[in-house]
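Single-letter residue listing:
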Amino acid sequence: MQNKGLVKLFAVLFGLVSIYQLSFTFKSNQIDDQAKEIAASKFDDPAQRSAEEARYLDSLNTQEVFNLGIAKYTYTDVKEKAMNLGLDLKGGINVILEISVKDILKGLANYSKDPVFNKALDDASELQKNSQNTYVDDFFIAFDKIKGDSKLASPDIFANRTLSEEITFDMSDDQVKPIIRQKIDESIVSAFEVLRKRIDKFGVTSPNIQRLGNSGRILVELPGAKDVERVKKLLQSTAQLEFWDVYRGEELGAFLMQANEVLKPLVDNNSEKTETNEVVGDTIDEVDSKIKELIGDLGSDSTDVAVNPIGNLLRGGANGPILGTFEAKDKDLVMSYLNKPQVRALLPAEQRYVKFAWGIQAKDSEFVDLYALKGNRDNVPELSGAVITDARQSYNQTGKPSVSMQMNAKGSKIWEEMTGRAFAQQSQIAIVLDNIVYSAPGVTTGAISGGNSEISGSFTLNEAIDLANVLRAGKLPASADIVQADEVGPSLGQEAIDSGMKSFLIALALVLVWMIMYYGKAGIAANIALLFNILLIFGVLSGLGAVLTLPGLAGIVLTVGMSVDANVLIFERIREELQKGKGQKEAVKDGFANALSSILDANITTILTAIILFVFGTGPIKGFATTLIIGILTSLFTAIFITRLLIDWYVGKGKNLDFSTSFTKGLFKNVNIDFIKKRKVSYVVSGLLILLSIGSLLTEGLDQGIDFVGGRTYQVRFAQDVSPEEVNKDLNATFGSAEVKTIGSANQLKISTKYKVDENSAEADEEVQSMLFESLKPYLPKGMDYETFVDGSGEAKIGKMLSSKVSPTIADDIKKESFWAVLGSLVVVFLYILLRFKKWQFSLGAVAAVFHDIVIVLGVYSLLHKFMPFSMEIDQAFIAAILTVIGYSLNDTVVVFDRIREVTNEKGFRGGYNINSAINSTLSRTLNTSLTTLVVLIAMFTFGADSLRGLLFALIVGIVVGTYSSIFIATPIMFDTLNDKGEAPEEKK
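Residues numbered from 1 in each chain as written. Predicted model: local features only at pLDDT ≥ 70, side-chain atom pairs only at ≥ 80, totals over all residues. Heavy atoms only, no water.

Caption draft 1: Summary view of the overall build of the protein. A count of helical and extended segments in the protein gives 31 helices and 23 strands. Taken over C-alpha atoms, the radius of gyration comes to 34 Å for the protein, in line with the 30 Å a tight globule of 989 residues would show. Projected onto its principal axes, the C-alpha coordinates of the protein cover approximately 110 × 80 × 65 Å. Expressed as a percentage of its 989 residues, the buried residues of the protein come to 55%. Just so you have it, the protein exposes about 43000 Å², and 56% of that area is on carbon and sulfur atoms. Put simply, the protein has 100 plus and 118 minus side-chain charges, and the middle of one group is 7 Å from the middle of the other. (Helix = DSSP H or I, 4+ residues; strand = E, 2+ residues; numbered from the N terminus. Rg over C-alpha atoms; globule rule 2.2 N^0.38 Å. Buried < 20%, exposed > 50% of the residue type's maximum accessible area, 1.4 Å probe, protein only. Areas by Shrake-Rupley, 256 points an atom, 1.4 Å probe, with all protein chains shown as cover. Lys, Arg positive; Asp, Glu negative; His and termini not counted. Charge placed at Lys NZ, Arg CZ, Asp CG, Glu CD.)

Caption draft 2: Highlighting the sheet that holds strand 6 (residues 217-223). Reading across from one edge, 5-6-4-18-23-20-22-21 is the order of the eight strands in this open sheet, with antiparallel pairing throughout. In this open sheet, the two edge strands, each paired with only one partner strand, are strand 5 (208-212) and strand 21 (739-742). Averaged over all pairs of adjacent strands, the angle between their axes in this sheet comes to 20°, without regard to strand direction. The sheet contact formed by strand 20 (residues 711-717) and strand 23 (residues 799-806) spans seven bridges and is antiparallel. (Pairing = 2+ DSSP bridges. Axes fitted to C-alpha atoms, helices over the stretch in contact; angles between N-to-C directions.)

Caption draft 3: Up close: the packing of aromatic side chains. Under the counting rule described, the total for this entry stands at 31 aromatic pairs. Both rings, one in Phe-24 and one in Phe-66, keep their centres 5.6 Å apart while their planes meet at 85°; by these two values the pair is edge-to-face. One end of the pair, Phe-24, is in helix 1 (residues 4-42); the other, Phe-66, is in strand 1 (residues 64-67), with 42 residues separating them in the sequence. Both residues of the pair, Phe-24 and Phe-66, belong to the buried class. The interplanar angle of 55° and the centroid separation of 5.7 Å between the aromatic rings of Phe-139 and Phe-140 together place this pair among those described as tilted. Residue Phe-139 shares its accessibility class with Phe-140, and that shared class is buried. One aromatic cluster is present, formed by Phe-117, Phe-139, Phe-140, Phe-143 and Phe-158 through successive ring pairs. When the ring centre of Phe-592 is taken as origin, the NZ or CZ atom of Arg-644, which lies over that ring, is 4.8 Å away. The lysine or arginine in question, Arg-901, covers the ring of Phe-837, its NZ or CZ lying 4.4 Å from the ring centre. (Phe/Tyr/Trp six-rings, centres within 6.5 Å; stacked < 30°, edge-to-face > 60°. Lys NZ or Arg CZ within 6 Å of the ring centre and 35° of its normal.)

Caption draft 4: Layout of the confidence of the model for the protein. Per-chain confidence: the protein averages 82 in pLDDT, with 91% of residues scoring 70 or above. Considering only residues more than four positions removed or in separate chains, one finds that residues 269-306, a stretch of pLDDT under 50, has 60 contacts. (pLDDT = per-residue confidence, 0-100. Contact = heavy atoms within 4.5 Å.)

Caption draft 5: Structural detail: the nonpolar core. Membership of the largest hydrophobic core comes to 134 residues, with the highest contact counts inside it found for Phe-538, Phe-571, Ile-647, Ile-833 and Ile-900. In this view, Ile-833 contacts Lys-838, Phe-842, Ser-843, Ala-846, Leu-890 and Val-894; residues no more than four positions away in its chain are not counted. Counting residues in each nonpolar core, the second largest holds 48 residues, with Val-101, Val-136, Leu-152 and Ala-225 among its members. (Core = buried A, V, L, I, M, F, W, Y, C linked by side-chain atoms within 4.5 Å.)

Caption draft 6: The arrangement of the pairing of strand 6 in detail. For strand 6, the tally of buried residues reaches seven of seven residues, placing the bulk of the element in the interior. Burial along strand 6 is two-sided: Arg-217, Leu-219, Glu-221 and Pro-223 facing one way and Ile-218, Val-220 and Leu-222 facing the other are all buried. In this sheet, strand 6 lies alongside strand 4 (residues 92-99) in antiparallel orientation, the contact comprising seven bridges. The residue of strand 6 that forms the bridge with Ile-96 is Leu-219. Judged from the five bridges that link them, strand 5 and strand 6 form a sheet pairing that is antiparallel. Bridge pairing in strand 6 links Leu-212 to Arg-217. If you look at the hairpin formed by strand 5 and strand 6, you'll find four residues sitting between the two strands, and Gly-213 has a positive phi there, around 65°.

Caption draft 7: Layout of a nonpolar patch on the surface. Taken together, the side chains of Ile-611, Phe-614, Val-615, Phe-616, Phe-819, Trp-820, Leu-823, Val-827 and Leu-831 define a hydrophobic patch exposed on the protein surface, amounting to about 840 Å² of accessible area. Of all the secondary structure elements, the ones that give two or more residues to the nonpolar patch are helix 20 (584-616) and helix 27 (808-837). Looking at the nonpolar patch, the element that brings in the most residues is helix 27, giving five residues. Looking at the element boundaries, Phe-819 is found in helix 27. Given a relative accessible area of 51%, Phe-819 falls into the exposed group. (Patch = residues over 30% accessible without salt bridge, like charges linked within 9 Å, V, L, I, M, F, W, Y side chains within 5 Å. Salt bridge = Lys/Arg side-chain N within 4 Å of Asp/Glu carboxyl O.)

Caption draft 8: Structural detail: the side chain of Asp-565. Looking at where Asp-565 falls in the secondary structure, it is placed in helix 19 (residues 550-579). Assessed through its relative accessible area of 3%, Asp-565 is described here as buried. Looking at Asp-565, its side chain comes within polar contact range of the side chain of Thr-929, at 2.8 Å. Discounting residues that sit within four places of it in the chain, Asp-565 has contacts with Asn-891, Arg-925 and Thr-929. (Polar contact = N/O pair within 3.5 Å; in protein donor to acceptor, adjacent residues only side chain to side chain.)

Caption draft 9: Structural context of the packing of helix 28 (residues 840-864) against helix 29 (residues 876-907). Here helix 28 crosses helix 29 at 145°, and the two axes come no closer than 10 Å. Relative to helix 29, the crossing made by helix 28 is right-handed. On the side of helix 28, the interface is formed by Phe-842, Ala-846, Val-850, Asp-853, Ile-854, Val-857, Leu-858 and Tyr-861, while helix 29 contributes Phe-878, Ile-882, Val-885, Ile-886, Ser-889, Leu-890, Thr-893, Phe-897 and Ile-900. Here the contact of helix 28 with helix 29 is built from residues that sort into 14 nonpolar, two polar and one charged. (Left-handed = near helix turned anticlockwise from the far one by under 90°. Nonpolar A, V, L, I, M, F, W, Y, C, P; charged D, E, K, R; others polar.)

Caption draft 10: Summary view of the sheet that holds strand 14 (residues 401-407). Ordered in space as 13-14-17, the three strands form an open sheet in which the pairing is antiparallel. This sheet does not close on itself; its edge strands, each paired only once, are strand 13 (388-395) and strand 17 (452-456). This sheet shows a mean twist of 20° between the axes of neighbouring strands, independent of strand direction. Judged from the seven bridges that link them, strand 13 and strand 14 form a sheet pairing that is antiparallel.

Caption draft 11: Representation of the environment of Phe-459 within the structure. With respect to the element layout, Phe-459 can be found in the loop between strand 17 and helix 16 (461-473). The contact partners of Phe-459, leaving out residues within four places of it in the chain, are Pro-401, Ser-402, Ser-439, Ala-464 and Leu-467.

Caption draft 12: The environment of Tyr-683, seen in detail. Topologically, Tyr-683 is positioned in helix 22 (residues 679-699). Sequence separation between Tyr-683 and Gly-950 is 267 residues; the distance between their C-alpha atoms is 29 Å. In terms of polar contacts, Tyr-683 uses its side chain to reach the backbone amide nitrogen of Ile-973, at 3.4 Å.

Caption draft 13: Quick peek at helix 22. The first and last C-alpha atoms of helix 22 sit 30 Å apart over 21 residues, in line with the 30 Å expected at 1.5 Å per residue. Buried residues in helix 22 make contact with helix 28 and helix 31 (949-976). Of the residues flanking the end of helix 22, it is Gly-701, one or two places downstream, whose phi is positive at about 70°. (Expected span 1.5 Å × (residues − 1).)

Caption draft 14: Region of the structure containing the environment of Ala-811. With respect to the helices, strands and loops of the structure, Ala-811 is situated in helix 27. A sequence separation of 106 residues divides Ala-811 from Gly-705, and the C-alpha atoms of the two residues are 9.4 Å apart. Apart from residues lying up to four places away in sequence, Ala-811 is in contact with Ile-706, Asp-707, Phe-708, Val-709, Gly-710 and Val-806.

Caption draft 15: Highlighting helix 24 (residues 724-735). The end-to-end C-alpha distance of helix 24, which contains 12 residues, comes to 16 Å, matching closely the 16 Å that a straight helix rising 1.5 Å per residue would cover. Within the sequence span of helix 24, burial applies to Pro-724, Val-727, Leu-731 and Phe-735. Down the axis of helix 24, the buried side of the element spans an arc of 65°, and every buried residue falls inside it. For helix 24, the exposed residues lying more than 90 degrees away from the buried face are Glu-725, Lys-729 and Ala-733. Contact partners of the buried residues in helix 24: strand 21, strand 22 (748-753) and helix 25 (762-776). (Arc of directions from axis to C-beta.)

Caption draft 16: The arrangement of the pattern of salt bridges in detail. Applying the stated rule across the entire model yields 44 salt bridges. Within this structure, Asp-703, Glu-739, Lys-741, Lys-750 and Glu-873 form a network of salt bridges that share partners.

Caption draft 17: Representation of unusual backbone geometry in the model. Unlike most non-glycine residues, Tyr-111 shows phi in positive territory, near 55°. Judged by relative accessible area, which is 47%, Tyr-111 ranks as partly exposed. Look at Lys-756: it is not a glycine, yet its phi comes out positive at around 55°. Examined against the element boundaries, Lys-756 turns out to sit in the loop between strand 22 and helix 25. Under the relative-accessibility criterion, Lys-756 is labelled partly exposed at 27%.

Here you go:
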């Protein structure tokens, strides 16, 4: 091998980078475990433990916790660089929110009563059930069908006062449509911005929020979110944009000092002192000086840091509308102090309704400002965001970014009063969204009339754009319904990690032992490459910031099984060269060279199907595809280069390598099966299996999961074993229809219902969940309340462990996307094989074999789903399995085809004689790889998570069928469609 030095350099660098990346994961886990131990030593109550754990970790955010010598890292840095765990491994919530475009259209039309307009809205809602169009496209289609003489630019529809500057009466429908699309897009961007800001509050690691195309759907992933019910309510609530008058900071300076004095006897001095000294690290003199400087020395002679509850936390004093600046981690503590009855009682009569609110936390800042808003008895703002008709990022006279804002007539009048008052008092007006102050501008030119204002300040361009989006969010209130959701409790996630790691280690051990048993000392080299490959996979995942999911972990374990395939191909070719009488070095060189074409073709076809899976998949399925792609690429590197380095090093020392043991030496050497002659038998067997499968699919059908039909699913754990039949009877009485299955152990049920499947509101979700709880009460421990049931992953680990929801519209989209994913993979593979093998007969044989495998796997699921003790639902995970089966089957078929091409290019087909010779020569590799992969999958199936058993069973069936089809279906079909088969040798006639 040339350039060995370069390969060694890359191997060392890749290894070191992987270790570096993974070190953050180990350190993060170590700190998290330490936080749990500290919390457990202080509190017995789970809620208090959780709060203490969060407080401890928050205190480390800016502390140095990891020193590598060449660099130092805070806890925040460590968490950002640690491997991201997905929802199913960490717990949390994953939802797809759909912004109601229907609501936006109503708002744009000023809630028009026009019958044609409203009929078109209703018709569009019906079209959406079976349409791949966006809602607005279906609205335009529906409107065009029934409009008659009506126009979109009618004064009763979109040519109203609100849109008068953009839509005029003389416009055609074609001119109006792009304007409406733009307005809808702006509203969705605004809603997206609001959601993003809300998500920042949850404090979860690696949150993900992204728009899904132009559909108005927004994906939100919050792994590690604990209070899932609160998250759902906050995500679905309508944005509340408000304008409040603000007190100047100095107006409440005396109150802040008085509050500090009142709080002294109420606060636990010892805990306060400990917390302050640990987290802040200021000396007593420094803190006392700071208090005097920031809030004034009002006669307090206290010099003890422990008795200044507010003063110890203060990091900046009054400045314009800002009352004080605090560290973000202390927000809840400060707010709890200020809202204590004893503290509120200190406020004078004219300030008794003051409303304290935090400002928006600047990126990369630990600090946040506190504002005091001029509240009232009803706690209602003088002006709400509903009056805003438009907001745009612009530039002021000096060329700096600003925001221009336009209000309607009602808002303009109130705004004139508020700005006039603020100008006279030299105070500010706070712009508040979801109780966070985004800006508190002053008024420099007197009362603003007409409702057209410009907000300027020290904005960056992005800050101005964000503020404009926030202002627009209050203009068109649109509901955000959860159309798809997955919730996983943290304890279930931990169980998945434990079972996943157990199955991973067992599968790895079996593969390592098998390689040594089969290939002897050469197997040790393959095992070293395999272990290095695993290090690279996890290192790359961590370095890319990819999310590791439970199917992703399955993908890694599957890669372990498949990664030996390249080594098997190489070793088999070396064995062939040795049998020809070549020397060790020459045999190794030729073996690697001859195996390269097969290795590349086989892995490229698998990568192509994995890429399609990545493109069409979402959430955990995308994670499965990610790990599969990374695993295949790293496997190629380690098999072709690392194994070669080790083999060359050993052989170069003059030592002998047989690439076999006494058990495997000569195995398959004299096998000479006439596969072509037996092809008619395989056609009959496969024909019967396909007929049986199709017959079952037509009569029994498939057990379609909620991914494909819509509905809600709950995984519930009980304290004792329960009968699914009895529970099903009770739930049918409640919901009209429900499906109940045991999943895993007999004390765990999977419950699915389509009750109120078309309703996506938070109220409907809560109603269904409450009804479920009431129906299951007889089977739950006495005294268990609803909150404990919902938080099934608490200390007792009983109740709702997991839940999923898919609306019918989303289900229809998933079904169509799955179909196109499978079809697309077949087309791509056909074209690739045609390109590589130059004969359409090879492509036809490969695609026919894959189609054969898919039909039989579906048939097995149709026949057995009622009898197997695990879920065999057809869902997104099953589609991932089907695409993986396609990739594996093609991998196997391409290796066989590659050897056939090699033999026949040199000797011709000779009536199938040379095809038989080629298949027999690959038999050792085919069976070896298939058995290794099956051993891995069976280990995962036996010891892995219950939720993966359906996916793993599909893979097991697929690999058995795929191995068979590559020899008995793909090759015979290729042979039978050849125009020139050649003449068989005489002895074979």
